[in-house]
Amino acid sequence: MPLISTPHLQSKPKARFGGALHGALQHVEALGDPQQAKQVQQHQPVQEDASTTSIGTPVDEVDNGASYPHLLPKVMVPFSTKPGETPRKVQIQRKRRLYACQDIHQLVSQQGLNFEQLSRQPPEYWDHIEVFDDTDHESRNPEQWVPRIPGIPKSQGKVAVRCQDGSISWMDALVLDFDSTGNRYLVQLQSGAASRSITPTANTAAYPSSRTAGAAASTPSAPFWIPRVQLCFAAEDPALYAKRFAAACVAVSAADVQLAHELCIDSMPIDDVPQLTTEQVNRVLTFAMNSKKLKDRLMDTSTLINEANLEHARAMNKATLQALAAAAGTGNAAQGESSAAEGYAAAAAGASVVGVQLLPLVLPPAEPVKPVPAKGTVEVPATYDFREQLSEFSFRTLLTKPEVIHALSKIRLESSKVIKMSLFNTFSSKSVRLEEFEQLQTAATDSVANHLRDNWSASTKNIIKSAFKDVGKGWYNLAETSFETYRFSKLRRFLGLVRFSMEDTLRFLAEGSMRKFVTFMQGCCSDVVDVASTSKVTVDSKDLSRKAPLLLTELVVAPEGGGFAYSTPVETIHSKIIAVFDRAISKLQGLNQLEPGIMDQLFWPSALLLNSVHLQEEVTVRARDALSGCLLASLQPLRSYLGQYSTYNGLLNVDVESYVQRFAAQGVDLSLADISKEVANQIAELSYMEENLLPTVNLGLVQVNCVKVRDTLLRKKEKLVGMLKAVVARVPRAMVSLTSAKFSELERQVKAKAVSIEEVDAQRKFIAELPAKMASLVAEVEAAKPWYNALEAMRYLLPDEDAKEKLVGISWQNKLMGAAERSLEGLSSDETKYADEMVAQQEDFVSKVNNMATALTAAQQHSNLAKVDIVAGIVSSLDQQLKATQKEAEQLNAREGLLGKPMTDYRNIKQLADQFDPFIQFWTATATWKNNHKSWLTDTFEKLDGETVEKDVSTAYKVLYKMGKAFASRGLDQMAANAETVRLEVEQFKTIVPLVQAMRNPGMRPRHWDQLSADLGSDLHPDSSYTLDKALKQGLLAHLDTITKVADVASKEYSIEQALDKLQREWEGAELGVLEYRDTGTYVIKVEEAMSQQIDDHIVMLQSMAFSPYKKPFEDRLAKWDTTLNLVSEALDQWLALHRTWMYLEPIFSSEDIMQQLPLEGKRFATVDRSWRKTLDAAKRNPNLLKMCGSRKLLDQLTESNKLLDSVQKGLADYLETKRLAFARFFFLSNDELLQILSQTKNPLAVQPHLRKCFEAIASLDFSANLEITAMNSAEKEKVAFDKPMMPCGNIEVWLGEVERRMKASIRTQIVAAMHAYVHRPRPAWVREWPAMVVLAVSQIFWARSVEEAVAANHIQGFLDRSVSDLMELTDLVQGELTDAERLTLGALITLDVHARDVIQELVDAGLQKTTDFEWVSRLRYYWRDDVFVDMAQASISYGYEYLGNSPRLVITPLTDRCYMTLMSALHLNLGGAPAGPAGTGKTETTKDLAKALAKQCVVFNCSDGLDYIAMVSKPCS
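### Thoughts on the overall build of the protein chain
Logical step 1: When its secondary structure is counted, the protein chain shows 53 helices and 20 strands.
Logical step 2: Here the protein chain holds 1518 residues, and the buried ones make up 43% of them.
Logical step 3: Across the protein chain, contacts joining residues at least 24 apart in sequence account for 73% of those joining residues at least 6 apart.
Logical step 4: Approximately 80,100 Å² of the protein chain is accessible, and the part contributed by carbon and sulfur atoms is 54%.

### Here we look at the packing of helix H47 (residues 1332–1352) against helix H49 (residues 1380–1406)
Logical step 1: Where H47 meets H49, the closest approach of the two axes is 10 Å, and the angle between their N-to-C directions is 15 degrees. Taken as axis vectors, H47 and H49 run roughly parallel relative to one another. Where H47 crosses over H49, the two elements pack in a sense that is right-handed. Taking contact as the criterion, the partners of Ala1332, Val1335, Leu1336, Ser1339, Gln1340, Trp1343 and Val1347 in H47 are, on H49, Thr1385, Ala1388, Leu1389, Leu1392, Ala1396, Val1399, Ile1400 and Leu1403.
Logical step 2: Of the residues that constitute the contact of H47 with H49, the class distribution is twelve nonpolar, three polar and no charged.

### Some thoughts on the pairing of strand S8 (residues 537–540)
Logical step 1: Of the pairings in the sheet, the one linking strand S7 (residues 528–531) to S8 comprises four bridges and is antiparallel in character. Counterpart to Val529 in the pairing with S8 is Val539.
Logical step 2: Taken together, S7 and the strand that follows it, S8, pair antiparallel across an intervening segment of five residues.

### What to know about the packing of aromatic side chains
Logical step 1: Applying the stated criterion to the full structure yields 32 aromatic pairs.
Logical step 2: When the ring of Phe922 is compared with that of Phe967, the centres are 5.7 Å apart and the planes differ by 80 degrees; the resulting orientation is edge-to-face. With Phe922 in helix H30 (residues 907–938) and Phe967 in helix H31 (residues 946–970), this residue pair connects regions lying 45 residues apart in the sequence.
Logical step 3: When its relative accessible area of 0% is taken as the criterion, Phe922 is described as buried.
Logical step 4: For Phe967, a relative accessible area of 0% puts it in the buried group.
Logical step 5: By way of ring pairs, the aromatic residues Phe115, Trp170, Tyr241 and Phe245 are connected into one cluster.
Logical step 6: The residue whose ring lies beneath Arg148 is Phe178, and the NZ or CZ to ring-centre distance is 4.1 Å.
Logical step 7: The side chain of Lys490 reaches across the aromatic face of Trp475, ending 5.4 Å from its centre.

### Re the nonpolar core
Logical step 1: Among the nonpolar cores identified, the biggest contains 122 residues, and Trp1067, Trp1135, Leu1261, Ile1311 and Tyr1439 are the most heavily contacted of them.
Logical step 2: Listed in part, the 85 residues of the second largest apolar core include Val418, Leu423, Tyr566 and Ile577.

### Points about the pattern of salt bridges
Logical step 1: Considering all chains together, one arrives at 55 salt bridges under this definition.
Logical step 2: The partner of Asp1393 in a salt bridge is Arg1323, and the shortest N-O contact between them spans 3.0 Å. With a gap of 70 residues between them, Asp1393 in helix H49 and Arg1323 in helix H46 (residues 1323–1326) connect regions that are remote in the sequence.
Logical step 3: In this structure Asp1393 comes out as buried when scored by relative accessible area, which is 12%.
Logical step 4: Exposure remark for Arg1323: the relative accessible area of 13% places this residue in the buried category.
Logical step 5: The salt bridge involving Arg1419 is made with Glu1402; its shortest N-O contact spans 2.2 Å. With a gap of 17 residues between them, Arg1419 in the loop between helix H50 (1414–1417) and strand S18 (1421–1424) and Glu1402 in helix H49 connect regions that are remote in the sequence.
Logical step 6: What makes Glu1402 partly exposed here is its relative accessible area of 37%.
Logical step 7: Beyond isolated ion pairs, a larger network of salt bridges with shared partners links Asp133, Glu138, Arg228, Glu236 and Arg244.

### Examining a nonpolar patch on the surface
Logical step 1: A cluster of nonpolar residues, Val380, Tyr384, Phe386, Leu390 and Phe393, forms a patch on the protein surface that exposes about 550 Å² of accessible area.
Logical step 2: Accessibility expressed as a relative area gives 43% for Tyr384, which makes it partly exposed.

### Concerning helix H25 (residues 672–692)
Logical step 1: Here H25 is 21 residues long and its end C-alpha atoms lie 29 Å apart, about the 30 Å a rise of 1.5 Å per residue gives.
Logical step 2: Taken residue by residue, H25 has Leu672, Ile675, Glu678, Val679, Gln682, Leu686, Met689 and Asn692 as its buried positions.

### With respect to a negative patch on the surface
Logical step 1: A grouping of Glu1089, Asp1096, Asp1097, Glu1130 and Asp1133 is seen on the molecular surface, where their side chains present a negatively charged patch.
Logical step 2: At the level of elements, helix H37 (1089–1106) and helix H38 (1115–1149) are the ones that each hand at least two residues to the negative patch.
Logical step 3: No other element matches H37, which puts three residues into the negative patch.
Logical step 4: Within the secondary structure, Glu1130 is located in helix H38.

### Here's the deal with the sheet that holds strand S16 (residues 1269–1273)
Logical step 1: Taken together, three strands build an open sheet; the order of strands is S15-S16-S17 and the sheet is antiparallel. Only two strands of the sheet have a single neighbouring strand rather than two, namely strand S15 (1260–1263) and strand S17 (1279–1286). The mean inter-strand angle of the sheet, taken between neighbouring strand axes irrespective of direction, is 25 degrees.
Logical step 2: As judged from the four bridges shared by S16 and S17, these two strands associate in the antiparallel manner. Bridging across to S17, Ile1269 finds its partner in Met1286.
Logical step 3: Those strands touched by helix H45 (residues 1292–1318) are S15, S16 and S17, and its axis lies near 120 degrees from that of S17.

### Quick word on the environment of Phe245
Logical step 1: Considering the arrangement of structural elements, one finds Phe245 in helix H9 (residues 238–267).
Logical step 2: When its relative accessible area of 0% is taken as the criterion, Phe245 is described as buried.
Logical step 3: In this structure, the C-alpha to C-alpha distance between Phe245 and Glu130, residues 115 residues apart in sequence, is 9.6 Å.

### Some thoughts on the pairing of S16
Logical step 1: Counting buried positions over the five residues of S16 gives four, a clear majority of the element.
Logical step 2: For S15 and S16, the ladder comprises four bridges, and the chain directions are antiparallel. In the sheet register, Ser1260 faces S16, and the bridge partner there is Asn1273.
Logical step 3: Hairpin geometry of S15 and S16 is characterised by an intervening segment of five residues between the two adjacent antiparallel strands and by a positive phi of about 70 degrees at Leu1267.
Logical step 4: Linkage of S16 to S17, two consecutive antiparallel strands, is achieved through a turn of five residues, within which Lys1277 is found at a positive phi near 70 degrees.

### Concerning the side chain of Lys158
Logical step 1: With respect to the element layout, Lys158 can be found in strand S1 (residues 155–162).
Logical step 2: A polar contact is formed between the side chain of Lys158 and the side chain of Asp172, at a distance of 2.7 Å.

### Re the sheet that holds strand S2 (residues 168–179)
Sheet strands associate in pairs through backbone hydrogen bonding, adopting either a parallel or an antiparallel arrangement.
Logical step 1: Spatially, S4-S3-S2-S1-S5 is the arrangement adopted by the five strands of the open sheet, whose pairing is antiparallel. Two strands bound the open sheet, and with one partner strand each, they are strand S4 (224–227) and strand S5 (231–233). Strand after strand, the sheet turns through a mean of 45 degrees between neighbouring axes, direction not considered.
Logical step 2: Pairing between S1 and S5: three bridges, direction antiparallel. For Lys158, the partnering residue across the bridge sits in S5 and is Cys232.

### Quick word on the side chain of Glu414
Logical step 1: Its location among the elements puts Glu414 in helix H16 (residues 402–420).
Logical step 2: The exposure class of Glu414 is buried, given its relative accessible area of 18%.
Logical step 3: For Glu414, the residues in contact, after removing those within four places along its chain, are Trp456, Ser459 and Ile463.

### Here's the deal with the confidence of the model for the protein chain
Logical step 1: Per-chain confidence: the protein chain averages 79 in pLDDT, with 84% of residues scoring 70 or above.
Logical step 2: At the level of individual helices and strands, the protein chain shows its lowest average pLDDT in helix H1 (residues 19–31), which scores 35, and its highest in strand S19 (residues 1428–1432), which scores 94.
Logical step 3: Segment residues 199–220 is flagged for pLDDT under 50; beyond a separation of four residues in sequence, or across chains, it makes 76 contacts in the model.
Logical step 4: Predicted confidence for residues 330–356 stays below pLDDT 50, and this span has 34 contacts to residues more than four positions away or in other chains.

### A few points about unusual backbone geometry
Logical step 1: For Asp1426, which is not glycine, the phi dihedral falls at a positive 60 degrees.
Logical step 2: A relative accessible area of 56% places Asp1426 in the exposed class.
Logical step 3: Here Ala1433, not a glycine, exhibits a phi torsion of approximately 60 degrees, which is positive.
Logical step 4: With respect to the helices and strands, Ala1433 occurs in the loop between S19 and strand S20 (1435–1438).

Criteria and thresholds
Residues numbered from 1 in each chain as written. Predicted model: local features only at pLDDT ≥ 70, side-chain atom pairs only at ≥ 80, totals over all residues. Heavy atoms only, no water. Helix = DSSP H or I, 4+ residues; strand = E, 2+ residues; numbered from the N terminus. Buried < 20%, exposed > 50% of the residue type's maximum accessible area, 1.4 Å probe, protein only. Contact = heavy atoms within 4.5 Å. Areas by Shrake-Rupley, 256 points an atom, 1.4 Å probe, with all protein chains shown as cover. Axes fitted to C-alpha atoms, helices over the stretch in contact; angles between N-to-C directions. Parallel < 35°, antiparallel > 145°, perpendicular 65-115°, else oblique. Left-handed = near helix turned anticlockwise from the far one by under 90°. Nonpolar A, V, L, I, M, F, W, Y, C, P; charged D, E, K, R; others polar. Pairing = 2+ DSSP bridges. Phe/Tyr/Trp six-rings, centres within 6.5 Å; stacked < 30°, edge-to-face > 60°. Lys NZ or Arg CZ within 6 Å of the ring centre and 35° of its normal. Core = buried A, V, L, I, M, F, W, Y, C linked by side-chain atoms within 4.5 Å. Salt bridge = Lys/Arg side-chain N within 4 Å of Asp/Glu carboxyl O. Patch = residues over 30% accessible without salt bridge, like charges linked within 9 Å, V, L, I, M, F, W, Y side chains within 5 Å. Expected span 1.5 Å × (residues − 1). Lys, Arg positive; Asp, Glu negative; His and termini not counted. Charge placed at Lys NZ, Arg CZ, Asp CG, Glu CD. Polar contact = N/O pair within 3.5 Å; in protein donor to acceptor, adjacent residues only side chain to side chain. pLDDT = per-residue confidence, 0-100.

As structure tokens, this is what we get:
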């Protein structure tokens, strides 16, 4: 790898949008590694502060980060030192001073490296240094050097770089991150180092292939990656680092020399080199194949012999080369005298060569020749004191006692047995349920845990006790009672060794068990499952040895209904397996150390436990993460497969009976085609389900049993098909049954017996019309045949009754026609019979008419009024006979017509009736008058009805007057005189009728009779014996005016009384509607609108009665009803107001969250709620309206409750106002929507439906399983990940505010990254890789930048051509295959690009020379000035970063530009804009599009009468 070359650093970046981040991302773009790009982006240039001080800064001046271990040198000193010893902190400070004052360049020079030669090395030379880096010199791992903990200072160090003059130097830098896989570190030069001119030594390329900084060479202070060997940390010993660096360089040089030497040897010819002789080969083979098995196998050794000859020839060439080198004078003697470093330095310099005829080659130093030892043993120097060393060794070692060795061997044997155990059961031969799997793992874990606790500890303890039981006092005294003596004994060291051994055993057991379990689970989860449908599940098994899935679950109907679920939820599988893992590791905790149990004579203040692997250790976390990862991946097919069953949710939830009833309820609208299509569809779905719903399915980790769900769905579908077929059968059955009933009625009529000539004629007509009537019925039978055919096609077996009904319906036509023929035969004989009977009847009728004429003539002779009752009876009887005769004559004429005979003339009967009619009317009216007159005069007065009397008198007068005229015209003088006589009597009685009407007025009450008595001067109180005749005798007719006046008053008062009585009847039965309210356990009232209107009408009526002059008798009653109804009205008004408020607040205060946040309002509402429930219970028991609402106490109670609820609503409004002030976007939600959110504070998902009202384009948020928010989604399905996840913690308004901040930060991060990607990616590819609003904003930034650069270079025409070319590329891209989201993005981008092209054309036409000209500054321009700013004229507005989704943009016209300029200037001056113009011209849409251009939320309010300044103030507008 080349030595990392830092970029050429400048004091101030020239790029408009931030040099540091641009350089880093530009560099990473060159790498082509997206993951690395993300990593670099997270490590933006660090501003210099106290924590980033140069390494060369004196330690006394800067002591930042003194408490951070990664910034401090490592010292092997206890944290607590004894008095007199140098404290740990002092030693650390000394080392820091020592390290800070040392010069790495000088230290490396002291190792014998020639920097001048190093600076001349090619770039490939530096690639090799990393390979030969000796990591044994490393004192810390990467996590310790560079902790990934937010908020702590960055590590500091010096980086080896090549300066512009070619020299190698170490410069101060910050270490930002590391990559442990490649042992690389991300560094950034500090400002002091960055001020020097540094140029790269090579054309660097992308990490991880080491060429890192070249892409950022033109960007100051850009982070770049380097290998560890080129970085010396500030907390690292520079001397050790210098040795490490020098060793790597020397190793590289030595490797170069050795490789060149070996290449030279391999290149020498071997043709002339003698091979091994036959004798030598045989001798080698004899020694090599000296065993019986090898000799018997007859191996082919030719290949091995050739290889031996090749090695022999190579050895000869090597000896020749060495001999030539020695002969040339530069041989081994010169090299043997120099050190290895010097020799390799010379090799690197290429100073010495081997002979003039050879290539300029340096040989590696000769290996020192080992002297032949004089003896076969190692000589001991004379100064070595063996006895002293033996004594020292014996004093320190534990292995001097056989008992120790014996005990250790047994303990290790026991420990090896434990290590071979496993905390988990990793054998699976069949699929088991999760509970069984959990039991198996628990049993395995408990078995090992019990063995460790009961057997292993006990056996180890027994081994130690039995081994040392006979040792007695001394180093290994088990009965030691002095803790001080025990502290210095070898027994304590031995027990410590045993403790370490046991702890190691536990760790090996835990790590091995975790490794086995994770490997086992990964094998079980290794299958690649593709779920295409319920029947198409492809399993690509990686482990062919596994016979069945590990787990078994069952697909069931969800307990809550509405869908399907697994008997073991997917989340439960993951959590329980992780719990099994955690439980097993936890079981290793809490094992007691053996020391207190063995040394039981000593006092131990607390129980000592063995250290074991805990759940938070890195190895455990890694294993758990690996286990969790494979589980999550393998459980995804279960979710996918469950999703496939969602198509059957409709079938699961459908009520088959209701579905069929609704289908059948169509009645006549239900056509055979429709129902046949429905049945065919259902049958096809049934067949599809039978084929595609598998009983069991293998989903990799889990096998799913679907039998129950499959049977449930199939049975339901079969039931549905059967019931639909029954519906089909029901239709023709009903049709045929109805038709059969009609046929039966026709048959009854055909078979009916005629009893008269009329019936004979009717029967014949009926039979004649029978074919026409049967035609419709036959058509009805025919209409049922397609239904029967459809049933046969459906293979539906008709029930016996239906089959019989079908046959009967088909046979009715023939059956009925036969009955008609038989009936016609009988009608002919009946006709002859009835004709003969009619002749005889006519003869009798003639004599009957003659007798009737005689009787009528005799009756006309009566004229004696004294016999009026007798004559009236005779006349009435004759009248009835005359009417019967007329009717019989009509019947005879009709029969003659039926028989075809001429009709007999019976007009004389009509003449008789006309002549006799005046006599009938006279005698009837006279008799009625005589009877009434007598009754009216003599019957009790209470029976008289004035209206009836007046009506009867008028009728009698009219009839008598008319009959008198009729008699006079006929010359019947006596009858005319009788009529006149009676008429005069009637006329005389007419004068009495007003008296009768007045005195029998229904409104007459005792008070009126009292008044009449007073006015007339006589007692007038009619009783049961009082008659009209008595009244006339009293001379009351003379006082008619007085009586009439009182009667009129009584009539007026009676109308008031009647109205009050009606009002009372109506309200006595009025009841409140009391209905149960949901599941609250209480009721609500229901008052009909008609009742409320009736109350108001009756109150108005009572008020009008109160002004009547006739109210006096009813004043108390009127006042009482007026008070009652007004009280009821007020109570109902208060009750209904309380009803509305209570129903609004009840669900709000049913939430515990609201009750906790509004305790005072909650108590007030609870008070009202108790009163409400008590009142409604009483209303339910007695719903009478007057009794419930006619209580003043109830009115007061309801009024007070309304006042309490008003205060509750005010407190609620204030509470909502505080929430809105905390998160202003809540102003865009209604109170109900906001309360719906606030009432579910524990459920962050409740806010999802209301996000569109709070944010411009966020339709939903992505919540992980632990409710962590990771991304936002638009309505167009565009997803933008948050720059960092967030948890919805705290109040809703708090975390929604954080969502707003994350939204803006994420969009800003996307824009920054997209800007750096823009210059490296082709534009057609780039536009498809970023969110829509990011594409538009970044395109506008680069467009404005490019225009200004083109203007400055006077090349604007060329930029116009380039813009047209870019636009054509987008046009070609649109014509290809794109997703819906990409097509929306390109549509908006092309809209803006077209406008941009037009603007450039206008600038070309105007001959723009400077970017300050109005033609340019009047355009909407985007700039990056450490943030996005949108400029237009003098206005400069910061970009809002409001997420806009993937929304379209309007076409920009010159008028749009002018509107933009006006509104931008208004915003810049904190003023408002008011676009004016006719409706529909785009004022609102232009304003909304400007808001999109500025990435700000735009809220539109439609003006109305209800939108006043108060409402506007309460809704902040963006």
